[in-house]
Every structure is written in structure tokens, then in C-alpha cells.
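Tertiary structure, described
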Amino acid sequence: MCRRLDGLPLALELAASKTRAIPLGDLSRLLGERLELLTDETNNADAHHASLDTAIRWSVDLLTERQRELLARFGVFVGQFDLAAVDTVCVGPGSSDRTETITDLVALVDLSLVEFDVATGRYRLLEPIRMFAESLGIDDDVRLRYRNHVLDVVDAAAPIRVATAARDLDAIRTAWPSLRALVATARAETDAATLHRAVAAVTRFAEQTFSFEVIDWAEAAIALDVAADRPTPPETHLALALLRTHRSDFDVAADHLARVEGADPSLVELARLWHHYFTGDLAATYACRDRLREIADGTGSYVERVAITAGHFLDKGAQRPFDPTEVARLDSWATDGDPVVAASAALCTVLRLDWDSQADEAIEALTTIIETARRLGLAFLASGASTARSIVLSTSPGAESSARVLRATLRSYVEVSSWQFALADFAAASLALVHGGRARDAAELLGARRAAGYVGDSSAEVEDQATEAARRALGDRAFDEAVRQGHARDVATATRLAIAAFDQIIGDRVAPSA
């Protein structure tokens, strides 16, 4: 509710006064529909501050008619927008009143009805003001131009190519609140075409950022197709195949993979690669990698970048030599100035280190990559780097604060529901738990990993070490019993229990000096 009201003191004060009679959840929902609820029934407020609606109206009444009309059009913008959006949506094609619109925009900024961020060159309306502006009435042609503008912006950024990765990701991220609002409208109006277009445009973005709400968008679109007895575009099935794989929903993902004929061949092959990799079929994974090299090699595409990074993980786990052509391409990307691509290249550089002799260097570099990836909103890259760091830590059990690092890593996976990366980290976490005196917790975590069927990456060797250490600490019978107990746990539950075990280890360590 505070976010909805943009932290405005008057709005928060008026909202707080309602909680004596309306539950918070209901009040938050109602405020999304009726801003006039925020009133002060006491006699303590100035006339123009007696309600939020009145306070905004008092400012709007000072505007010229033309300025009020522009403010009403701005009510369509959810989130940030730039001058190009103003031209496209509020002025319209073939219009000659652009100069008047810019003049009125400046006036609205001067009156604090519109905020302008000098650093980004973008505008926004505080949400209560936007809701008021929307209530003034928005023409259908303005709404249509807004819909098309948002989708055009996202379509243009959708490829997330190597040369423009950071810019494309920023464009989609900026448009996300608007896109989310468009999707909500499309669902309410049973507009499957808009849903399919939105899903196809953000598939790569959703994979990189773990924006799993796109799963709901895609499934809503398919439900509309089923109700209308029409086929679903293969791009929607492809999005679900990718994202369901990253959520460990392998059977559902496989069903969608069977329906992707006609979609982008390189993205289809990438979806197959991840599905084979996370289900432990390394022979099929390498076959997909070889086909991706044929399809995407030298294209500078999103798929080429992700496939090379995945290939480095595969080669590291199998202790194969790294492909010199891919290494050269990564080196060139590392210096091209794009921070997203540079972070991917840096991760691959760390994978090429000798982790036995260069553990400290690898841990330091991976920590930097994780911080960079999180700052850029790249949950996928951050998770991959976190898994690599956990494996390095497991090879150096004396590394300082390994328990704290692993706990923080698992927590980050919980935040974004990144269960596949959590499973990969279960091996390193189990070994760290044994070293911390929690061998039974380690054995239960190994049981959960095995029950999920996770096999076949560079953490498998760490799993063997953890198994041997836990079995030695517990004895065969107690170890097998703990593993069976872990079999009954889903990944999310096992992850949270591992975090709790690390809490105990860290607490035990600090207790003597407390």
C-alpha cells in the first residue's frame, strides 16, 4: 500500500486513519479502485487537504484546460516514460501540436504533478496522481497508441543481442510496469493476441531475470485459446518450456517442448539443452550444444552468449578442454563495454581457472560477478556464479565464512524461486554442513537432491565428497535413514531447512563470544 501511494505523507496519514475500521488487505485493494476513500472526516485538516482526492484536485484546478487534457492522457502511463512515448501516445501521428504539448509538459513538471529524472531522462506520475489523472477520462485512441507503443518498445528490445544487451534489458525493465498493466487488461478483456505477443517478446528477458510471472501470462493465453478452440502459437509453448524447466517442472516443460515447431530454432535448441542438462542427460546436452554452435556461432545473439556460457559449465564439469574459438569470442566481448556481456565473459574466465590452486582468486572474482549480476537484475547469471562459488568453497573447506556465503546463496535462490540452482548447491551445502558438525542435516539435504533426480554437473564430485564425509560422521545406518527422510522433502522445503541449519552453525560459532 505504501508503494501504491508512493510514500506521500498525506496519503499515508489518511490511509492509516482507515485501518481502525478496514483490514489492511481490503484497504489496499479498495485504494486501487477508489482514491476518494482517502479522506479526513475530522475537522483538523485544511479544506484542500481534507482528502487526497481534494488535494490533487486543488492543484489540477490551477491548470489550463489544455494542461488538464495532457495530464489526463498521462494517466495511461504506468511507471516511467520518455519524451518519445509522449510524442507517440499523447501527441499522436501527424499532429502539429508537439510544441504545445512540450510546453504543457514543462508546466506540469514545474507544478510537481509530473516528476522528471534528469539522470535517466524519464518522467513519471506519482501513483495517486496517475490514478486521479486516469479518472479524468482517457480516449480510446490514446489507450490504443499506448498499448502499441509499449509492445513496440518491448519487441525492439526482445532479442537482447550481445552488442546491445544492457540497453535492451534496461528498456524492457523500464517498460515492465506498463507491460504488466497491459497484460492485466488483456486478461480481463480475453485478448489472447496481446498476451501471446507480450510473452514472445519477453521470453529471453524472463529467463535472464527469472521473471516467472510470465508463466502465468502464457498459461492465461493458452486457456483463452482452449476456450476458443484455436491453436496456440509455438512461441508461447517455447516460453513455457524454458521457464518451466528453470522451475524444475520437467514433465510440464517436456509437454511444451513437443509443441514448439515453427518457433526460433536457436531458442528451441537452447530450451532443449537446459532440459537435458537439468535432467541429467549429458549426451543429449552436448548434442544440443553442437547444434547451437551450428545455428548461433558468430551471430552475436542472446542464444550464442548463453550457449557459450553453458558450454563452459559443461566443459568444466567434464574436465574437457575449452573451445579456443569460444574463448577468443568471450575475450572480445569482455572488452566491448557492455556490462551484461562483460559479466558473462568474466564468469567464463573464472571457470577456466584451476580451482584447486586458484581457489581464493576464483572466490573473489565470483563474488564480484554475483554482485554485478544482481545490480544488473540478472538473476540467472547471479545464480550460475553462485553455484560455481559454492563448488569452489567446497574444495577449500577452510575458506573464511563459507557457511555464511552458502546461506546467503541459498537465500537468494529462495527469493527468486531458483530451485535448479539450489539443487546444484545442495552438494556444496551438504559438505559445509558436515564440516560445521551438522552431518544429519547434510545427509537429509543429499536425500532431497537425489529424490529430485539432479545429476550430471560439476557438483557431482562434491556430492560424492559430502556423501563420504556424512556417512563417516553418522555411520551407515544413521546416514541411510537421514537420506530416506530427505527423499520426502521438496526442493523448497529442503532449501529452507538447510538455511536454518546454517543459522545454527553460525549461531554456534558466535555464541562463545556473545
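A quick note: this is a predicted structure, and the numbers were derived from the prediction, not measured.

**Some thoughts on the overall build of the chain**
On a plain count of helices and strands, the chain comes out with 26 helices and 2 strands. In terms of principal-axis extent, the alpha carbons of the chain reach across some 80 × 60 × 50 Å. Here the contacts in the chain between residues at least 6 apart in sequence split such that 67% fall between residues at least 24 apart. When the accessible surface of the chain is split by element, carbon and sulfur atoms take 50% of a total near 22900 Å². With 54 positive and 77 negative side-chain charges, the chain shows a spacing of 3 Å between the two charge centroids.

**Here we look at the pattern of salt bridges**
Summed over the entire model, instances satisfying the criterion amount to 38 salt bridges. Put simply, glutamate 213 and arginine 180 hold a salt bridge, and the shortest N to O gap is 2.7 Å. Of this pair, glutamate 213 sits in helix H11 (residues 213–228) while arginine 180 is found in helix H9 (residues 165–188), placing the two residues 33 residues apart along the sequence. Residue glutamate 213 is classed as partly exposed on the basis of its relative accessible area of 25%. Of the charged contacts, one joins glutamate 269 and arginine 291 as a salt bridge, the two residues approaching to 2.8 Å between their closest N and O atoms. Here the residue glutamate 269 occupies a position in helix H14 (residues 265–278), and arginine 291 occupies one in helix H15 (residues 282–296), the gap between them amounting to 22 residues. The buried category is assigned to glutamate 269, whose relative accessible area is 5%.

**Overview of the confidence of the model for the chain**
When pLDDT is averaged along the chain, the result is 85, and 90% of the positions lie at 70 or above. The least confident element of the chain, judged by mean pLDDT, is helix H2 (residues 24–31) at 74; the most confident is H11 at 96. For residues 510–514, every residue scores under 50 in pLDDT, and the model assigns this stretch 1 contact once sequence neighbours within four places are set aside.

**Topic: a negative patch on the surface**
Where like charges cluster on the molecular surface, the negative patch consists of Glu65, Glu69, Asp139 and Asp140. Here glutamate 69 lies in helix H4 (residues 65–74).

**Regarding the side chain of arginine 305**
Inspection of the secondary structure assignment puts arginine 305 in helix H16 (residues 302–318). Put simply, arginine 305 is tucked away with no salt bridge, and the nearest opposite charge, on aspartate 338, sits 6.8 Å away. Of the polar contacts made by the side chain of arginine 305, one reaches the side chain of glutamine 208; its length is 3.4 Å. Those residues within four positions of arginine 305 in sequence are excluded, and the remaining contacts are Ile160, Val162, Gln208, Trp333, Val340, Val341 and Ser344.

**Regarding the packing of helix H8 (residues 140–157) against helix H10 (residues 192–209)**
Between two packed helices, what matters for the description is the angle formed by their axes and the separation of those axes. Remark: H8 packs on H10, axes separated minimally by 9 Å, with the N-to-C direction vectors making an angle of 25°. As the angle between them shows, H8 and H10 are arranged roughly parallel. When you trace H8 past H10, the crossing you get is left-handed. Along its contact with H8, which presents Arg147, Leu151, Asp152, Val154 and Asp155, the element H10 presents Thr194, Arg197, Ala198, Ala201 and Val202.

How each quantity is defined
Here, residues in each chain are numbered from 1, in the same order as that chain's written sequence. It should be noted that, the model being predicted, local features are given only for residues of pLDDT at least 70 and side-chain atom pairs only at 80 or more, the latter also being counted only at that level, while totals for whole chains, interfaces and linings use all residues. With hydrogens and water stripped out, all remaining heavy atoms of the structure feed into the side-chain values. Numbering of helices and strands starts at the N terminus; helices are DSSP runs of H or I of at least 4 residues and strands are runs of E of at least 2. Throughout, a contact is declared for two residues whenever any of their heavy atoms are within 4.5 Å. Where accessible areas are quoted, they stem from the Shrake-Rupley method and a 1.4 Å probe; at the residue level, only the protein chains shown are allowed to cover. Positive charge is attributed to Lys and Arg, negative charge to Asp and Glu, and no charge count is given to His or to the chain ends. One atom stands in for each charge, and that atom is NZ of Lys, CZ of Arg, CG of Asp or CD of Glu. The term salt bridge refers to a pairing of a side-chain nitrogen on Lys or Arg with a carboxyl oxygen on Asp or Glu at a separation within 4 Å. The buried label goes to any residue with under 20% of its type's maximum accessible area, the exposed label to any with over 50%, and the partly exposed label to all in between, with areas taken from a 1.4 Å probe on protein chains only. Within a predicted model, pLDDT stands for the predictor's per-residue confidence, ranging from 0 to 100. Each patch groups residues whose relative accessible area exceeds 30% and which form no salt bridge, using 9 Å between like charges and 5 Å between nonpolar side chains of Val, Leu, Ile, Met, Phe, Trp and Tyr. Polar contacts, as used here, are pairs of N or O atoms within 3.5 Å; protein pairs need one atom able to donate a hydrogen and one able to accept it. Residues neighboring in sequence count only if both atoms are side-chain atoms. Orientation is described by axes fitted as lines to C-alpha atoms, over the contacting stretch for helices, and by angles from 0 to 180 degrees between their N-to-C directions. What sets the label is the angle itself: under 35 degrees gives roughly parallel, over 145 gives roughly antiparallel, 65 to 115 gives roughly perpendicular, and the rest give oblique. For a crossing to be left-handed, the near helix must be turned anticlockwise from the far one by less than a right angle; the clockwise case is right-handed.

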